[in-house]
Structures are given as structure tokens and as C-alpha cells.
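Structure assessment
Single-letter residue listing:
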Amino acid sequence: MPEQWSIRCLSHFTLAVRNLERSIEFYTKVGFQMIHDRRNAIWPDMVAENFGMRVASGRGVLMAIDAGDLHTRLDLIQWLDPTLPEPTTPVEERVPTLIALLTENVVAAYHDLQSKGIEFIVLRDDEQHHTLGIKAVSLCRDPDGNLLEFIEYMPGLRNSQPQQLKQRA
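Note that this is a predicted model, so its numbers are computed, not measured.

As a further point, take the packing of aromatic side chains. Taken as a whole and assessed by the stated rule, the structure comprises six aromatic pairs. Between Tyr110 and Phe120 the ring centres are 4.9 Å apart and the planes differ by 55°, which places this aromatic pair in the tilted class. With Tyr110 in helix 3 (residues 106-115) and Phe120 in strand 6 (residues 120-124), this pair connects stretches of sequence that are ten residues apart. Accessibility assignment for this pair places Tyr110 and Phe120 in one class, buried.

Applying the stated rule across the entire model yields ten salt bridges. A salt bridge links Asp37 to Arg39; the nearest nitrogen and oxygen atoms lie 2.7 Å apart. Taken together, the salt bridges that share partners define one network made up of Arg18, Arg22, Glu86 and Asp144.

Judged by nonpolar contacts, the single largest core of 23 residues is most densely connected at Tyr27, Val30, Leu76, Leu148 and Phe150. Listed by contribution, the elements that provide at least two residues to this core are helix 1 (20-30), strand 3 (57-67), strand 4 (70-81), strand 5 (98-102), helix 3, strand 7 (134-141) and strand 8 (147-153). With five residues, the top contributor of residues to this core is helix 1. Tyr27 has contacts with Leu15, Phe32, Met63, Leu74, Leu76, Ile99, Asp142 and Leu148, leaving out every residue within four places of it along the chain. Ranked by size, the runner-up nonpolar core spans seven residues in total, among them Val122, Leu139, Leu147 and Ile151.

The next thing to look at is the pairing of strand 7. Burial runs high along strand 7: six of the eight residues are buried. Judged from the four bridges that link them, strand 6 and strand 7 form a sheet pairing that is antiparallel. Bridge assignment links Arg124 to a residue of strand 7, and that residue is Val137. Across seven bridges, the pairing between strand 7 and strand 8 is antiparallel. If you follow Ile134 over to strand 8, its bridge partner there is Tyr153.

Looking now at the confidence of the model for the protein. Overall, the prediction assigns the protein a mean pLDDT of 87, with 90% of residues at 70 or greater. The element-level mean pLDDT for the protein is lowest in helix 5 (residues 162-168), coming to 48, with helix 1 highest at 97. Long-range and interchain partners of residues 164-169, a stretch whose pLDDT sits below 50, account for eight contacts in this model, where long-range means more than four residues apart.

Read across the sheet, four strands follow the order 5-8-7-6 without closing on themselves; strand pairing throughout is mixed. Because the sheet does not close on itself, it has two edges, and the strands there are strand 5 and strand 6. Across the sheet, the mean angle separating the axes of adjacent strands is 15° when strand polarity is ignored. Packed on one face of the sheet, helix 1 meets strand 5, strand 7 and strand 8 and runs near 10° to strand 8.

The next subject is the environment of Thr14. Summarising the element assignment, Thr14 is placed in strand 1 (residues 13-16). For the pair Thr14 and Leu76, spaced 62 residues apart in sequence, the C-alpha to C-alpha distance is 5.8 Å. Setting aside anything within four residues of it in sequence, one finds Thr14 in contact with Asp75 and Ile77.

Here we come to unusual backbone geometry. Omega for the bond connecting Asp81 with Pro82 falls within 30 degrees of zero, at -5°, which places this linkage in the cis form. Position of Pro82 among the secondary structure elements: in the loop between strand 4 and strand 5. One non-glycine residue with positive phi stands out, namely Asn105, at about 65°. Along the polypeptide, Asn105 turns up in the loop between strand 5 and helix 3.

Definitions and cut-offs
- What you see as residue numbers is a count from 1 along each chain, following the sequence as written.
- Note on the predicted model: pLDDT of at least 70 is required for a residue's local features to be given, and 80 or more for side-chain atom pairs to be given and counted; whole-chain, interface and lining totals, by contrast, use all residues.
- Side-chain figures throughout are based on the complete set of non-hydrogen atoms in the structure, without hydrogens or water.
- Stacked, edge-to-face and tilted are the three classes for Phe, Tyr and Trp ring pairs, Trp counted by its six-membered ring, which pair at centre distances within 6.5 Å; planes under 30 degrees apart are stacked, over 60 edge-to-face, the rest tilted.
- Helix and strand labels come from DSSP, where a helix needs a run of H or I of at least four residues and a strand needs a run of E of at least two; each type is numbered from the N terminus.
- When a residue's accessible area, from a 1.4 Å probe over protein chains only, is under 20% of the maximum for its type it is buried; when over 50% it is exposed; and in between it is partly exposed.
- In what follows, salt bridge is the name for a side-chain nitrogen of Lys or Arg lying within 4 Å of a carboxyl oxygen of Asp or Glu.
- Among buried residues, the Ala, Val, Leu, Ile, Met, Phe, Trp, Tyr and Cys ones that are joined through side-chain atoms within 4.5 Å form a nonpolar core.
- We call two residues contacting when some pair of their heavy atoms lies within 4.5 Å.
- We call two strands paired when DSSP finds no fewer than two bridges between them.
- Residue-level confidence of the predictor, termed pLDDT, takes values from 0 up to 100.
- Here an angle of 0 to 180 degrees is reported between the N-to-C directions of two axes, which are lines fitted to C-alpha atoms, with helices fitted over the stretch in contact.

The following block contains the structure:
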């Protein structure tokens, strides 16, 4: 009989960045804190093997948002070999990488982060979104063009559940 196993939660996600210091500054403004600095680490050969790559070297940091029992960790890596290629299409025409952050008071986050120099694409707090179970949503881009979504659900909903909204009506 095989041993039982299960996934407990998402450990972290990794973003390849072109300029590590610029990305650290951006994600610090958003609310992440550095918990492990690997900017000067030398990567052993096993890293390339683990990733199925010919070579792998880079510099990075592990950042986190600690919200009680919810831990969101972000691994930022500036690849040195191979390097992250420059995009060949404008950011508006690329398929986006999106990070969604469950946010308390999206409208306040929007105004606070705007005052810190972060430019937003959109802030939505309208009835159309409310029917989807979303109280408010706002999106901006990080320094590498990745979308960062701040999302707040209607009270009592952990995620969009239109069928529950219909049942309550």
C-alpha cells in the first residue's frame, strides 16, 4: 500500500527580474519584507540539475507578507546565467503573469501606493464586480511588467462565488 501524502499549502512563488534592487524596492512598498538575502550566494551545480537546466546562476532574495496564519512568500531572482531575455513585444500585448493579493480595503491600498509613486492601471469598485463577489479590485505592474492585483471580496466570501450570491438573493 503506498504511503499517503498531501499538499499543505503554496510555499512560495518565484519571479525572474531584470534588476533585483529595483524589484526589492517595489515589493517593499507593496508590503513584502525581506526574510532571506541571497544576493551574494554562489549557486551549486545541483540547482541547475534540480531545474533541468544546463547552467543556473543568479542572485536573489526571499520576501514575505506575514498576516497571522496566512504567509505569502515571494522569491525574486535576477538570473545571471542564463539571463532573462528582454521582451520582444510591448507589455500591453504580452500574456501577463499575474500575482493576486487578498487585500483588506483595496481603495485605501490604491491611494496609499499611488502616493508612494506606484502607477495603477485600474481601480474598480462597482456593481458589476459586486455581482461576482468582488468588493474592489485594482491592478498595477511591477518593474518587469508583471501584473499585481489587489483584490477584496464581498463580506463573508473568501473568493468569487456567484452561485452563493444568487442563493442569498
